[in-house]
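Each chain, letter by letter, is given below.
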Amino acid sequence: MKAVITSTAKYLPDSVLNNHDLEQILDTNDEWIRTRTGIRERRILKDPEKATSFMCSEVARKLIEKRGITADDIDLIIVATMSPDMIFPSTACLVQKNISASNAWAFDLSGACSGFIYALHTGAQFIAAGTHKKVLVIGGEKMSAVMDYTDRTTCVLFGDGAAGVLIEPGTDEEHGVLDARLYSDGKGCDNLCMPGGGSLHPTSHETVDQKLHYLQQDGRQVFKSAVVAMADVALEIMTRNNLSAKDIDFLIPHQANHRIIQATAERMGIGLEHVAVNIDRYGNTSAATIPICIAELDEAGKLHRGSSLILVSFGAGYTWGGIYLTWV
Ligand code: UT7
């Protein structure tokens with residue numbers, strides 16, 4: 001049984017932080033950020049009382065409402081995030097509480113920027129096994145909470161947001177999540193991480209002084225690996241499924257850098273008109289980038305029965321992967 005996407009939704013906070021705002025607080029400039037990354041602005045969840053679970057709960061409510069079901073119909077909630085409200089309990093449990101999904105079980109999945117792809121593949125297994133009928137798969141991040149706004153090499157890149165899909169069993173073998181290739185390589189662990197706050201460096205005055213509670217990235221190293229891995233996995237998905245560029249309606253890549261997106265599309269032979277791009281408006285929202293793109297394409301009426309999508313991502317871990325699916 002294939003898992004099909006039956007509802008999509010997104011939540012972006014209203015507050016906009018644009019490149020010119022960052023020029024006021026950092027030694028950076030709009031031209032550098034735009035030409036190196038493609039980002040013009042990003043959204044920030046400013047309310048200190050609200051965090052990732054708030055945005056994911058908004059997404060969950062919309063997914064349920066759009067499908068015309070109730071929260072009691074949900075069997076499972078998977079939240080992909082690297083910026084959970086707290087280490088435990090899981091953000092997914094907080095979402096379950098907020099929407100009163102009393103029949104669901106819920107867990108977080110830690111796959112960084114590949115979190116949504118990992119979570120969609122995981123959720124699809126529960127549908128394929130026939131044990132679950134309605135699974136919410138949500139990617140959500142309050143990246144502003146783990147940014148050092150004095151570090152121009154990282155804070156200009158990331159933004160806040162959440163989005164997700166409802167998956168259910170399809171009625172045929174031709175539509176839905178048709179193929180997935182997921183990878184990880186822990187050797188990349190030091191190049192993109194948040195070292196503080198875990199059991200290795202529990203939060204202390206010292207870890208805070210050393211800024212270990214912020215995301216740290218060796219951008220150049222990650223860039224090199226991401227360009228190769230995203231294109232390779234996209235081509236692998238195409239080969240495994242006998243797809244040529246003309247068979248693909250939309251490439252939906254993780255939105256970390258416009259140059260990485262372009263390189264992936266070029267290797268696949270796909271024109272940019274078939275590539276979902278919103279990095280200019282939201283920056284890198286980590287696990288939320290791909291479902292935000294899916295929700296926007298859906299809202300714009302661009303997804304029809306049979307539309308074929310390839311999702312690809314790369315992130316901390318390293319983690320990377322691709323999914324091939326067709327729309328219902
Ligand atoms: O989503 C998870 C996966 N993450 C990624 O895929 C991100 C991958 N990496 C990247 O996207 C890029 O490496 C960055 C956008 C992070 C950086 O772009 P880059 O072209 O690799 O720049 P760079 O790190 O090589 O830095 C070039 C110069 C440096 O100055 P020097 O050493 O050449 O004098 C930096 O200090 O740009 C400087 N720089 C900045 N200048 C103005 C770095 N950040 C900034 C900034 N504004 N914000």
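As shown above, the structure is provided for reference.
Below, the structure is looked at part by part. Note on numbering: residues in each chain are counted from 1, in written sequence order. For a predicted model such as this one, the threshold for reporting local features is a pLDDT of at least 70, and the threshold for listing and counting side-chain atom pairs is 80 or more; totals across whole chains, interfaces and linings nevertheless cover every residue. Side-chain figures throughout are based on the complete set of non-hydrogen atoms in the structure, without hydrogens or water.

**Comments concerning the overall build of the protein**
Rule in force here: Secondary structure elements are taken from DSSP: a helix is a run of H or I of four residues or more, a strand is a run of E of two residues or more, and numbering for both begins at the N terminus. Within these notes, the globule rule equals 2.2 Å times the number of residues to the 0.38 power, and the radius of gyration is based on C-alpha atoms. Classification of residues uses two cut-offs on accessible area relative to the type maximum, computed with a 1.4 Å probe and protein chains only: under 20% is buried, over 50% is exposed, and between them is partly exposed. Contact definition: two residues touch when any of their heavy atoms are within 4.5 Å. Method for areas: the Shrake-Rupley scheme with a 1.4 Å probe, in which residue coverage is limited to the protein chains shown.
Looking only at helices and strands, one finds eleven helices and 13 strands in the protein. Here the C-alpha radius of gyration of the protein, 19 Å, is about what a compact globule of 328 residues would show, namely 20 Å. C-alpha atoms of the protein, sized along the principal axes, occupy 55 × 45 × 35 Å. By residue count, 53% of the 328 residues in the protein fall in the buried class. Of all intrachain contacts in the protein linking residues separated by at least 6 positions in sequence, the fraction that spans at least 24 positions is 75%. Total accessible area on the protein stands at roughly 13,900 Å², and carbon and sulfur atoms take up 50% of it.

**Section: the layout of surface pockets**
Counted only if it meets this: Here a cavity denotes a set of grid points, spaced 1 Å apart and computed over the protein atoms alone, in which a 1.4 Å probe fits but from which it cannot get out, and a pocket denotes an open set meeting protein on both sides within 12 Å along at least five of seven lines; residues with an atom within 4 Å of a point are reported as lining. Grid points are joined across faces, edges and corners, and a volume is the space filled by probe spheres set on the points. Polar here means any residue other than Ala, Val, Leu, Ile, Met, Phe, Trp, Tyr, Cys and Pro, which are nonpolar, and Asp, Glu, Lys and Arg, which are charged; Gly is therefore polar. Domain borders in the structure are assigned automatically or taken from a domain database.
By volume, the largest pocket is sized at about 910 Å³. In this structure, the largest pocket is lined by 31 residues; those nearest its centre are Met 82, Ser 83, Pro 84, Ile 87 and Met 194. Considering only residue class, the lining of the largest pocket consists of 15 nonpolar, 13 polar and three charged. Shared between two domains, the lining of the largest pocket holds at least three residues of each, these being domain 1 (3–169) and domain 2 (176–326).

**A few points about the pairing of strand β4 (residues 76–80)**
The condition that has to hold: Only strands that DSSP links by at least two bridges are regarded as paired with each other.
In terms of burial, β4 is largely enclosed, as five of its five residues are buried. Residues Leu 76, Ile 78 and Ala 80 of β4 are buried on one face, and the alternating residues Ile 77 and Val 79, pointing to the opposite face, are buried as well. Inspection of the sheet shows β4 paired to strand β5 (residues 105–109) by five bridges, in the parallel sense. Directly across from Val 79, in β5, lies its bridge partner Asp 108.

**Looking at a positive patch on the surface**
As a reminder of what qualifies: Without a salt bridge and with relative accessible area above 30%, a residue can belong to a patch; like charges are then joined within 9 Å and nonpolar side chains (Val, Leu, Ile, Met, Phe, Trp, Tyr) within 5 Å. In what follows, salt bridge is the name for a side-chain nitrogen of Lys or Arg lying within 4 Å of a carboxyl oxygen of Asp or Glu. As used throughout, the charge tally considers Lys and Arg to be positive and Asp and Glu to be negative, leaving His and the chain termini uncounted. Where a charge lies is defined by one atom per residue type, namely NZ (Lys), CZ (Arg), CG (Asp) and CD (Glu).
Residues Arg 36, Arg 220, Lys 224 and Arg 259 make up a contiguous surface patch of positive charge. Residue position: Arg 220 is located in helix α8 (residues 219–240).

**Examining the sheet that holds strand β13 (residues 319–326)**
Quick note on the threshold: In this analysis, axes come from line fits to C-alpha atoms, helices being fitted only over the stretch in contact, and the angle between any two N-to-C directions falls in the range 0 to 180 degrees.
Across the sheet, which stays open at both edges, the four strands sit in the order β8-β13-β12-β11 with mixed pairing between neighbours. The sheet is open, and its two borders are formed by β8 (176–184) and β11 (250–253), each paired with just one other strand. When strand polarity is set aside, the average angle formed by the axes of neighbouring strands in this sheet is 10 degrees. For β11 and strand β12 (residues 308–315), the ladder comprises four bridges, and the chain directions are parallel. Opposite Leu 251, over in β12, you have Ile 310 as the bridge partner. Lying over the sheet, helix α9 (residues 258–268) contacts β11 and β12, oriented at roughly 145 degrees with respect to β11. Its contacts with the sheet put helix α11 (residues 289–299) on β11 and β12, and the angle it makes with β11 is roughly 145 degrees.

**Some thoughts on the packing of aromatic side chains**
Worth spelling out the cut-off: Between 30 and 60 degrees the pair is tilted, below 30 it is stacked and above 60 it is edge-to-face, where a pair is any two Phe, Tyr or Trp rings, Trp via its six-membered ring, whose centres lie within 6.5 Å. Here, over-ring charges are defined by two tests on the NZ atom of lysine or the CZ atom of arginine: distance to the ring centre within 6 Å, and angle to the ring normal within 35 degrees.
Inspection of every chain in the model, using the stated rule, returns six aromatic pairs. On the numbers, 5.4 Å between centres and 85 degrees between planes, the contact of Tyr 11 with Phe 54 is edge-to-face. One end of the pair, Tyr 11, is in strand β1 (residues 3–11); the other, Phe 54, is in helix α3 (residues 52–67), with 43 residues separating them in the sequence. As far as burial versus exposure is concerned, Tyr 11 and Phe 54 are alike and both buried. Relative to Phe 107, the ring of Trp 105 lies with its centre 5.4 Å away and its plane at 35 degrees, an arrangement referred to as tilted. Classification of Trp 105 as partly exposed rests on a relative accessible area of 41%. By the ring-pair criterion, three or more aromatic residues cluster together here, those being Tyr 183, Phe 314, Tyr 318 and Trp 320. Lys 50 extends its terminal NZ or CZ atom over the ring of Phe 54, reaching a point 4.5 Å from the ring centre.

**A look at the side chain of Thr 207**
This is how it is decided: Polar contact criterion, stated in full: a pair of N or O atoms within 3.5 Å, where within protein one must be able to donate a hydrogen and the other to accept it, and residues adjacent in sequence count only if both atoms are side-chain atoms.
Tracing the backbone through its elements, the reader meets Thr 207 in helix α7 (residues 205–209). Looking at Thr 207, its side chain comes within polar contact range of the main-chain nitrogen of Ser 204, at 2.8 Å. Not counting the four nearest positions on each side in its chain, Thr 207 is found in contact with His 201, Pro 202, Leu 212 and His 213.

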